[in-house]
Each structure stands twice: as structure tokens, then as C-alpha cells.
Amino acid sequence: MADLEITKVTANIGARVSGVDISQPLDDATVAALREALNTHKTLLFDDVNLDDAGQQAFARHFGDITGAHPTVPAVDGAPNVLPVDSEGGRAANNWHTDVTFVLNPPQASTLRSITIPPYGGETLIANAAAAYRDLPEPLRRLADTLWAEHTNDYDYAVPEEAIDETEAARRARFTSIKYRTVHPVVRVHPLTGERGLFIGGFAQRIVGLSKGESRKVLDLLQAYVTRPENLVRWRWSPNQLVLFDNRITQHYAVDNYDGLPRRLHRVTVAGDIPVGVDGKESYAIEGDASHYTTIAA
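Everything numeric in this text was worked out from a predicted model, so none of it was measured.

1. Re the overall build of the protein
In terms of regular secondary structure, the protein is built from six helices and 16 strands. Radius of gyration (C-alpha) of the protein: 18 Å, near the 19 Å computed for a compact globule of 298 residues. A total of 298 residues make up the protein; the buried ones form 53% of that total. In the protein, 82% of the contacts between residues at least 6 apart in sequence involve partners at least 24 apart. Summing over all exposed atoms, the protein offers an accessible surface of approximately 13,000 Å²; the carbon and sulfur share of this is 51%. Between the averaged position of the 29 positive side-chain charges in the protein and that of its 39 negative side-chain charges there is a distance of 5 Å.

What follows is the structure, encoded as C-alpha cells:
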């Protein structure tokens, strides 16, 4: 704990952590300091982590129960809590999203560990959704506070049919093999900090009470504040690194700029709580049971 150093990498999001060996069990004081840093910076970046899949899971467990790899997508062989984020599995992550928001209680935190890194490109962008909320003009903020959005894993990716080959069709069929629809507040109150953040992203498809077309206009307007360059950290991966981000108040995007070269990360996520809006009401599920995937954090 005495050697722990937290160094900001941008004004609004991201800090590099040094002075701690996360391949070893961490004491309570170190975990508390990392949690506080995560609350403040939303994203923590670790170099030279020397972790395997078991070590990544052990590190993630310091922050709560870990989830299954994914509600519908297969895990790494022999590691049911580890999701391969692999270029060979498609480019589904190259859109802005918060992990697994289509279930009732999405993960509270995600860890990504570099396995195979292309010689160029392949960065991960991570956005601070609390900064985005603070950026909203007051009339938009008041409107957003009242809105709820339906999130689903079954939606139109807006890709022409002729661009969908058999492999992509199979991947989509697997992704939607269990269909989920959940309604979350557009503005989520963080359970630890009390901050308000825009809780939308790619799985948010419709605003409750609005048509699809109206919903898209409102969601696009709000999303533009999330993805302002000032609210982003752009992480250029190197070997043997790990990123921990607060999934309750960030979005992320995998940049597809590496010419189809091999790129692989492993993801382990920490079970989350049920989101709560500014009025104190909780999210609610319409379709799909995720109890096989995640417990509900207190």
C-alpha cells in the first residue's frame, strides 16, 4: 500500500497505477485505495501485470463476485468466467457501449487484459459518462433525468444484408440465442459516489414513450456528449497490460484500425447492482433471465 501511485492520464478520465503487484493477493487497504481511485478516475491502467486467466479472475474478485463470461457468448476453454475479445470473432465491440446493459444488473466493473496485440491500431476508447452528464445544458439535463430506455441484445446492427456472411450470421444468432429486454434509467445514480451519469450506449434502442425514430434522435443527441474527445481516454495496448473500468459510469469502443491483424483481449467482469434512477426507481426486466450469468450485488 505504501508504494501505490495513482497518476492521472487525462483531466476527465483515466489513471495509471504503479507500485502494486496485482498478481498477488491484495490487502484490504490496497483494495480500498484502488476502489477510491476507480471512483475518481473511472478507468485504471496497469502495466507489467504478469497475469494468466486465473490471476485475472483473482484480481477481479477483490471488487466483488465475478460473472460468467457472457450471457450467450462462449467463454475461454476451461475458464467459464473469461470472455475472449477476439478479432477473429467479429467486430461487435467497435461501437460505443457499456458491457451487457441488456440484463437487469449489468457488471459493475470490467477488466481487460492484453493477450495478442497488433503492431499498430487496436486501441480501446473509454468515455466518462458522468462528465458527459455534467456537460449537458440544464434543459437537456432536466429532460434526461426523466427518461428511461429499453436495452436489448436483439437489434438491427444497421449493416446491409449483403455484408453479412455465414460466419457473421452465426455469430449474431449465438449472441441473441437468449433474447433480453431491460428498461434502465437514462441517468443512473452511482451507488458509491452519488454521481449521475448517462447510462445509454449501443444496447439502448428505444426511449420509453417515444417512437423508434424519436428515440434515435434523443439518444444520438445525448450520446454526442459521452463521446466528446475531452471525456475520453484512448488506450494503446502493449503486451502484459490490464485495464479496469467502472462499467456503471463509462462507455467504451474498440477501434477497428488494424487491418484485420490478430488482436485478442481477455475480459473478466464483476457482478453489479440493479441500476437506480434519479427518482430512486430501479431498472426492470421485460424479457430474458440472466441468473445463470450473474448474481446481484448488494
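2. Concerning the pattern of salt bridges
Across all of its chains, the model carries 19 salt bridges by this definition. For E150, the salt bridge identified is with R206, shortest N-O distance 3.4 Å. Here the residue E150 occupies a position in strand β7 (residues 148-152), and R206 occupies one in strand β11 (residues 204-207), the gap between them amounting to 56 residues. Under the relative-accessibility criterion, R206 is labelled partly exposed at 29%.

3. Regarding the nonpolar core
The biggest cluster of nonpolar side chains holds 26 residues, and the ones touching the most others in it are I22, L34, L44, F46, F59, L242 and L244. When residues in this core are grouped by element, the largest group, five residues, is from helix α1 (residues 28-41). Sequence-distant contacts of L242, defined by excluding residues within four places in its chain, comprise I22, L44, L45, F46, V49, L51, Q56, F59, T111, L112 and R113.

4. Overview of the packing of aromatic side chains
Counted by the stated rule, this structure contains eight aromatic pairs. Between F102 and F175, the aromatic rings sit 5.9 Å apart at their centres with planes inclined by 75°, giving edge-to-face as the arrangement. With F102 in the loop between β4 (83-86) and β5 (109-116) and F175 in helix α5 (residues 166-175), the pair connects residues that are 73 residues apart, well separated along the chain. In this structure, F102 and F175 share a single accessibility class: buried. The rings of F102, F175, Y180 and F203 are connected pair by pair, giving a single aromatic cluster. If you follow R141 out to its NZ or CZ, it ends over the ring of Y133, 5.8 Å from the centre. The residue whose ring lies beneath R188 is F199, and the NZ or CZ to ring-centre distance is 4.9 Å.

5. Topic: the sheet that holds β4
The seven strands lie next to each other as β1-β2-β3-β13-β5-β15-β4, forming an open sheet whose pairing is mixed. At either end of the open sheet lies a strand with only one pairing partner, and these are β1 (5-8) and β4. Neighbour-to-neighbour, the strand axes of the sheet open up by a mean angle of 25°, direction not taken into account. The pairing of β1 with strand β2 (residues 15-18) spans four bridges and is antiparallel. Residue pairing in the sheet places T7 in a bridge with R16 of β2. Sheet contacts for α1: β1, β2, β3 (43-46) and β13 (242-246); angle to β3, the most-contacted strand, approximately 120°. Against the sheet, helix α2 (residues 53-61) touches β3, β5, β13 and β15 (264-270), its axis set at about 30° to β15.

6. Quick look at the environment of A297
Topologically, A297 is positioned in the segment after β16 (284-287). It is 31 Å that separates the C-alpha atoms of A297 and R236, two residues lying 61 residues apart in sequence. Contacts of A297, omitting those with residues within four sequence positions, involve N105, A271, G272 and D273.

7. Thoughts on the side chain of D99
Take D99: it is sitting in the loop between β4 and β5. D99 gets classed as buried once you look at its relative accessible area, which sits at 2%. Not counting chain neighbours up to four residues away, the residues in contact with D99 comprise P106, P107, S110, F245, N247, H252, R267 and T269.

8. Topic: the pairing of β15
In terms of residue burial, β15 counts as a mostly covered element, since six of its seven residues are buried. Here β4 runs beside β15; their pairing, made up of four bridges, is antiparallel. Of the residues in β15, the one forming a bridge with D86 is R264. Two strands pair when backbone bridges link them, and β5 and β15 are joined in this way by seven bridges, in the antiparallel orientation. Within β15, the position partnered with S114 by the bridge is L265.

Each value, and the rule that gives it
Residues numbered from 1 in each chain as written. Predicted model: local features only at pLDDT ≥ 70, side-chain atom pairs only at ≥ 80, totals over all residues. Heavy atoms only, no water. Helix = DSSP H or I, 4+ residues; strand = E, 2+ residues; numbered from the N terminus. Rg over C-alpha atoms; globule rule 2.2 N^0.38 Å. Buried < 20%, exposed > 50% of the residue type's maximum accessible area, 1.4 Å probe, protein only. Contact = heavy atoms within 4.5 Å. Areas by Shrake-Rupley, 256 points an atom, 1.4 Å probe, with all protein chains shown as cover. Lys, Arg positive; Asp, Glu negative; His and termini not counted. Charge placed at Lys NZ, Arg CZ, Asp CG, Glu CD. Salt bridge = Lys/Arg side-chain N within 4 Å of Asp/Glu carboxyl O. Core = buried A, V, L, I, M, F, W, Y, C linked by side-chain atoms within 4.5 Å. Phe/Tyr/Trp six-rings, centres within 6.5 Å; stacked < 30°, edge-to-face > 60°. Lys NZ or Arg CZ within 6 Å of the ring centre and 35° of its normal. Pairing = 2+ DSSP bridges. Axes fitted to C-alpha atoms, helices over the stretch in contact; angles between N-to-C directions.

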